Every structure is written in C-alpha cells, then in structure tokens.
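Chain residues, written in single-letter form:
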There are 2 protein chains.
Amino acid sequence: MADDAFTDEERAAVYRCIDSRRDVRREFLPDEVPDAVVDRLLAAGHAAPSVGFLQPWNFIVVQDVATKAALHAAFTRANAEAAAMFDGKRAGLYRSLKLEGLCEAPLLLCVTCERDRAGPVVLGRTHQSEMDLFSTVCAVQNIWLAARAENLGLGWVSILSLSDLRTILGIPEHVLPIALLCIGYVSHFAATPDLERAGWRRRLALADLVFSERFGARRRETP
Amino acid sequence: MADDAFTDEERAAVYRCIDSRRDVRREFLPDEVPDAVVDRLLAAGHAAPSVGFLQPWNFIVVQDVATKAALHAAFTRANAEAAAMFDGKRAGLYRSLKLEGLCEAPLLLCVTCERDRAGPVVLGRTHQSEMDLFSTVCAVQNIWLAARAENLGLGWVSILSLSDLRTILGIPEHVLPIALLCIGYVSHFAATPDLERAGWRRRLALADLVFSERFGARRRETP
C-alpha cells in the first residue's frame with residue numbers, strides 16, 4: 001500500500017461527511033465562525049479541480065448586517081415570483097418551505113467565476129464551454145463538505161436574481177456570480193434532506209439511475 | 001458537542017482528501033475496480049445536493065474496450081482542434097501534455113443531467129437556470145473525493161464534442177452529458193497538479209482571491 005493511501009478510518013470519515021452533509025437554511029446558532037475556520041473553508045474551495053488550472057474563482061465573505069438584509073430583500077422579491085410559478089396545492093407547500101437563512105446565518109459567502117482570467121482560450125474549455133463554471137461549482141462542493149466536517153451547516157440560496165446579487169455585492173460585468181451560501185454552526189444535522197421530509201419530492205432509487213455501457217441499459221437486473 | 005459532530009481525526013481525513021485529490025490522466029494500474037467500490041462511488045454521487053431535490057443525474061458505467069476506443073478517437077479529433085487554438089510555444093507545450101486516460105483507465109463513468117425530470121418548473125431553478133447542471137457537478141465532485149478516499153485516481157476529460165459523446169453512449173436529446181471521468185487505481189498521487197508541474201499555469205495566492213463584503217475589497221491587508 002502506498003504511503004499516501006487512505007486508511008479505513010479516513011475513508012469512513014470521508015463517506016460520513018458526504019452522507020451527512022445537508023442543505024441547511026435554518027436553526028443556525030448565533031455563534032460567530034472564527035477566522036481560522038473561514039480560512040480553512042476558503043482553502044478547501046481553492047483546492048478544487050479547475051479546467052486548465054484556471055482557478056477562476058473569487059470568494060466574497062459577507063458578515064455585515066445591512067448587506068445580509070439587502071440580500072434577504074432580493075430573495076423575498078424573487079421568491080414571490082417563484083411561488084407564483086407553482087399551482088394549487090404545490091404552491092401552498094412551496095410557500096411553507098424555509099428556503100434561505102440569509103439573515104440568521106452569521107456568515108455568507110458568494111463564490112464567483114472570472115471566465116477570462118487566463119484569456120479567451122482555456123485548456124479543456126475548447127469543446128465544453130461551461131467547464132470553468134463547473135470548476136467553480138467543484139469549489140462550492142469542497143467548501144460544503146469542509147463545512148460539514150467543521151460542524152457548520154451550509155445552504156446554497158439560488159432564489160435571487162443574479163443582477164440583484166451583482167448590484168449588492170459590486171460584482172463587475174466580466175465576473176459571473178455562481179453561488180450564494182449561508183453558513184453557521186447548527187446543533188445537529190437532519191438525517192434526511194428538508195425537501196424530502198416536507199414531501200416535496202422523494203429520494204430516487206440509485207439502481208434506477210445507473211446504466212452499463214449505454215444510456216438506458218440497466219447495469220444489473222433488479223431481482 | 002452534538003452526537004453527530006466530527007472529531008478532529010475525521011475532520012483531518014476530510015481535509016486530506018480535499019487537499020490530495022488530483023486530476024489523474026495517466027499511470028493507471030490495470031487492476032479492476034471491484035463492483036462494491038463502484039457502488040460506493042455511485043452512492044457518493046447520489047448523495048450530492050440537488051436543486052429542488054431534483055436528483056437530475058444518471059451514471060453510465062463504461063468498461064467495454066471498444067467503447068473506450070471510440071471515446072478516445074473522439075478525444076483525439078477534438079484535441080487536434082484544441083491544439084490549433086494555441087500559439088507558438090504554448091501550442092508545443094499543449095501538445096506535450098497528457099490530457100486523458102480513456103483507454104488505460106479500467107473504468108470510465110459518464111455523468112448526465114436530465115433537466116426536466118420533474119417538469120419544467122423546479123424549486124430553486126426559477127432564477128438561476130443552470131442550477132440543475134451545477135447539482136450534477138456537485139455529484140461529480142463527491143465522486144472525485146470518494147475516489148481519492150478509495151485510492152483511485154480520477155480525471156475529468158472535457159476535450160470531446162458533446163455530440164460525439166451522445167452518439168457513442170446513446171444519450172438522448174433531452175439529457176445533457178456533463179462529465180466523462182476516467183478512473184483507476186494509481187501507485188501514488190502527485191503532490192501538485194500536473195498542469196502546475198508542467199509550467200502551464202501557476203497556483204494563485206488564495207489571499208488575492210478573497211474579498212470582504214464587496215467584490216474587490218481585500219479581506220485583510222497583506223503585510
């Protein structure tokens with residue numbers, strides 16, 4: 001076994017992190033997140049893979065109450081538009097959900113993507129133009145898992161217009177906002193996703209989602 | 001401390017996984033990846049966060065030599081086009097890089113996104129239309145980290161035309177291919193990214209990428 005091989009205990013910790021990570025938008029504790037912990041989350045983001053080693057991301061740390069309130073107001077406007085897109089019973093259920101924790105979370109983080117950081121031609125982006133956005137999302141997921149390992153809840157708030165987000169955080173035209181995250185300590189992590197418990201949508205069976213060799217060809221016969 | 005809190009040892013394992021993960025495209029060992037390990041990687045992907053709990057992904061497991069060869073041929077075509085986009089010395093360096101391991105890796109995995117799996121209106125996608133693609137990328141990053149914890153190298157091969165990928169793997173029009181991954185055991189993981197060692201691009205300083213409250217406002221004074 002190589003020197004850098006993961007032990008069974010280490011592997012189990014990684015899987016526990018992946019399995020117990022949740023999209024957290026409520027029940028944040030008021031405790032401040034220490035700077036050293038914020039630094040570790042950011043380092044985890046910066047350790048993400050990136051197309052052509054572009055490292056296209058920036059991280060905006062938001063702790064100011066007025067900025068949080070402005071983001072919350074932008075969410076409220078967008079969420080009213082969103083709620084109107086659902087019908088009947090579904091609209092009622094939608095309105096009952098808690099979909100952000102922008103004011104309660106002690107820490108917000110906006111992750112952005114500067115697409116032309118290394119000029120217009122990027123190794124690995126020539127045939128899949130969104131690879132730089134995807135690299136930035138890998139950074140978000142690294143931060144999400146690091147947050148879980150720090151016992152910090154994290155929620156990705158996507159119900160906001162990007163132009164509001166640009167205005168409030170001063171994001172220039174050539175930079176694309178990718179994710180707005182609310183982060184804070186929580187007393188515990190729920191065993192299942194909020195939307196599953198609320199009856200919004202069921203957990204799909206993994207076996208139905210896996211194919212062998214070609215799309216649509218089941219990998220194994222279900223007994 | 002809550003029952004589900006991470007210990008220092010568990011947290012260290014998660015950070016070691018994040019830090020030592022590499023984009024691996026060569027030096028794969030021929031050893032087969034056992035089905036039980038493949039199942040764990042897929043479960044890690046399926047545990048990813050998804051917008052509106054959509055779980056928009058499918059996973060196509062590819063082990064057939066002829067399919068790998070067809071994918072490799074598609075890469076070769078696309079890579080010739082890509083190489084022609086770089087100038088002079090840069091083009092020479094580009095041509096010297098090993099950017100895929102499609103034939104050598106014992107296991108390939110294609111991760112796709114079915115955008116309308118729950119109909120046209122998706123909770124959380126109403127104002128950011130690419131959130132379902134981003135959810136799928138979160139699944140890829142989960143798989144990437146799980147692979148590292150399994151001592152498996154993984155590389156994301158993006159230099160292929162999506163239409164070739166669709167044809168070879170029989171992916172229907174309403175499903176979007178997101179990632180083609182080459183996976184296999186490796187004798188060790190490199191300390192730094194291949195593209196950094198090859199001199200393609202430098203590691204950026206994290207402190208230059210972090211802002212406070214607004215884009216462009218440095219978080220801390222650099223001494």
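Note that the coordinates shown come from a computational prediction; the quantities given were computed from them, not determined experimentally.

### Looking at the overall build of chain A
- Helices and strands together make up the secondary structure of chain A, namely 7 helices and 5 strands.
- C-alpha atoms of chain A, sized along the principal axes, occupy 50 × 50 × 35 Å.
- Here chain A, with 223 residues, has 47% of them falling under the buried criterion.
- Counted over contacts in chain A with a minimum sequence separation of 6, partners at least 24 positions apart contribute 83%.

### Some words on helix H5 (residues 131-149) of chain B
Residues and elements named next belong to chain B.
- In this model H5 runs 27 Å from its N-terminal to its C-terminal C-alpha over 19 residues, within 8% of the 27 Å that 1.5 Å per residue would give.
- By the criterion of burial, H5 is predominantly enclosed, with 18 of the 19 residues buried.
- Within two residues after H5, asparagine 151 carries a phi angle of roughly 60 degrees, on the positive side.

### A few points about the sheet that holds strand E5 (residues 210-212) of chain A
- With mixed pairing, 5 strands are arranged side by side in an open sheet as E5(A)-E1(B)-E2(B)-E4(B)-E3(B). Edge positions in the open sheet fall to E5 of chain A together with strand E3 (152-156) of chain B, since each of these has one partner strand only. Along the sheet, successive strands turn relative to each other by an average axial angle of 25 degrees, direction set aside.
- Across 5 bridges, the pairing between E3 of chain B and strand E4 (residues 175-185) of chain B is antiparallel. Residue pairing in the sheet places leucine 154 of chain B in a bridge with isoleucine 183 of chain B of E4 of chain B.
- Helix-sheet contacts for H5 of chain B involve strand E1 (57-62), strand E2 (107-114), E3 and E4 of chain B, and the interaxial angle to E4 of chain B is about 5 degrees.

### Comments concerning the relation of the copies chain A and chain B
- Rotating chain A by 180 degrees about the axis while translating it 0.0 Å along that axis superimposes it on chain B, leaving an RMSD of 0.0 Å. The operation mapping one copy onto its partner corresponds to a two-fold rotation axis. Rotation axis and chain A: the residue whose C-alpha lies nearest the axis is valine 14 of chain A, separated from it by 2.7 Å.

### With respect to the nonpolar core
- Residues Val14, Leu108 and Ile183 of chain A together with Val14, Leu108 and Ile183 of chain B are the most contacted members of the largest nonpolar core, which totals 145 residues.
- Not counting residues up to four positions away in its chain, the partners in contact with valine 14 of chain A are Ala13, Val14, Cys17, Leu145, Ala146 and Ala149 of chain B.

### A few points about the packing of helix H2 (residues 35-46) of chain B against H5 of chain B
All names here are of chain B.
- One can describe the packing of H2 onto H5 by two numbers: an axis separation of 7 Å at closest approach and a directional angle of 145 degrees. The hand of the H2/H5 crossing is right-handed. Together, Arg40, Leu41, Ala44 and Gly45 of H2 and Ala139, Asn142, Ile143, Ala146 and Ala147 of H5 make up the contact between the two elements.
- When its residues are assigned to classes, the contact of H2 with H5 shows 6 nonpolar, 2 polar and 1 charged.

### With respect to the interface of chain A and chain B
- Residue-level contacts link 88 residues of chain A with 88 residues of chain B.
- Put simply, the parts of the chain that give the side of chain A that touches chain B at least two residues each are helix H1 (8-20), helix H2 (35-46), strand E1 (57-62), helix H3 (65-83), helix H5 (131-149), helix H6 (162-169), helix H7 (194-197) and E5 of chain A.
- Taken together, the residues of the side of chain A that touches chain B break down into 54 nonpolar, 20 polar and 14 charged.

### Remarks on the packing of H3 of chain A against H6 of chain A
All names here are of chain A.
- Axis separation between H3 and H6 bottoms out at 10 Å; the angle between their running directions is 165 degrees. By the criterion of interaxial angle, the relationship of H3 to H6 is roughly antiparallel. Every pair of crossing elements has a handedness; the one defined by H3 and H6 is right-handed. In this structure, H3 contributes Thr67, Ala70, Leu71 and Ala74 to the contact, and H6 contributes Asp164, Leu165 and Ile168.

### Description of the pairing of strand E2 (residues 107-114) of chain A
All names here are of chain A.
- Within E2, 7 of the 8 residues are buried, which leaves it mostly tucked inside the rest of the structure.
- Of the pairings in the sheet, the one linking E1 to E2 comprises 6 bridges and is antiparallel in character. Paired with phenylalanine 59 across the two strands is valine 111, which belongs to E2.

### Quick word on the environment of alanine 207 of chain A
Residues and elements named next belong to chain A.
- Relative to the helices and strands, alanine 207 resides in the loop between H7 and E5.
- Judged by the 12 C-beta atoms lying within 10 Å of it, alanine 207 falls in the exposed class.
- Along the backbone, alanine 207 and arginine 219 are 12 residues apart, and their C-alpha atoms lie at a distance of 8.0 Å.

### Let's talk about the confidence of the model for chain A
- When pLDDT is averaged along chain A, the result is 96; 98% of the residues meet or exceed 70.
- Two numbers describe this predicted complex: its pTM, 0.98, and its ipTM, 0.98.

### A word on the sheet that holds strand E5 (residues 210-212) of chain B
- Ordered by their spatial adjacency, 5 strands build an open sheet running E3(A)-E4(A)-E2(A)-E1(A)-E5(B), and the pairing between neighbours is mixed. Looking at which strands have only one partner, the edges of the open sheet turn out to be strand E3 (152-156) of chain A together with E5 of chain B. The average angle at which neighbouring strand axes cross in this sheet is 25 degrees, direction not considered.
- The strands that H5 of chain A touches are E1, E2, E3 and strand E4 (175-185) of chain A; relative to E4 of chain A, the one it contacts most, it runs at about 5 degrees.

### Looking at the environment of aspartate 132 of chain B
Residue and element names in this part refer to chain B.
- As for its position among the elements, aspartate 132 is in helix H5.
- Sequence spacing of aspartate 132 and isoleucine 178 is 46 residues, and the spatial spacing of their C-alpha atoms is 11 Å.
- If near-sequence neighbours (up to four positions away) are discounted, aspartate 132 is found in contact with Val51, Leu54, Pro56, Cys113, Arg115, Val122 and Arg125.

### Quick look at the environment of leucine 93 of chain A
All names here are of chain A.
- Turning to its location among the elements, leucine 93 is positioned in helix H4 (residues 88-96).
- Between the alpha carbons of leucine 93 and alanine 190 there is a distance of 20 Å; along the sequence they are 97 residues apart.
- Not counting residues within four places of it along the chain, the set of residues in contact with leucine 93 comprises Ala198 and Trp200.

Reading the values: rules and limits
Residue indices follow the written sequence of each chain, beginning from 1 at its first position. Chains and ligands are labelled by the order in which they are written, letters from A for the one and numbers from 1 for the other. Totals for whole chains, interfaces and linings use every residue, but because this is a predicted model, local features are given only for residues with pLDDT of at least 70 and side-chain atom pairs only at 80 or more, for both listing and counting. A run of H or I in DSSP counts as a helix once it spans at least four residues, and a run of E counts as a strand once it spans at least two, with each numbered from the N terminus. Exposure classification rests on a simple neighbour count of other C-beta atoms within 10 Å of a residue's own: a residue reaching 20 or more is buried, one at 12 or fewer is exposed, and one in between is partly exposed. C-beta atoms are placed from the backbone. Think of it this way: build a C-beta for each residue from its backbone, and any pair within 7 Å is a contact. By this rule the span expected of a helix is its residue count minus one, scaled by 1.5 Å. Strands pair, by our definition, only if DSSP identifies at least two bridges between them. Each axis is a line fitted through C-alpha atoms, and for a helix only the stretch in contact is used; angles between axes span 0 to 180 degrees, taken between their N-to-C directions. The fit set for superposing copies consists of C-alpha atoms from residues with pLDDT of at least 70 in both; the fit itself is least squares. A set of buried Ala, Val, Leu, Ile, Met, Phe, Trp, Tyr and Cys residues, joined through C-beta atoms within 7 Å, is what we mean by a nonpolar core. Helix crossings get a hand from a simple test, with the near helix turned counterclockwise from the far one by less than a right angle marking a left-handed crossing and a clockwise turn marking a right-handed one. Each residue is assigned to one of three groups, with Ala, Val, Leu, Ile, Met, Phe, Trp, Tyr, Cys and Pro labelled nonpolar, Asp, Glu, Lys and Arg labelled charged, and all others, Gly among them, labelled polar. In this scheme, roughly parallel covers angles under 35 degrees and roughly antiparallel covers those over 145, while 65 to 115 is roughly perpendicular and the rest are oblique. Confidence of the predictor at the level of single residues is captured by pLDDT, which takes values from 0 to 100.

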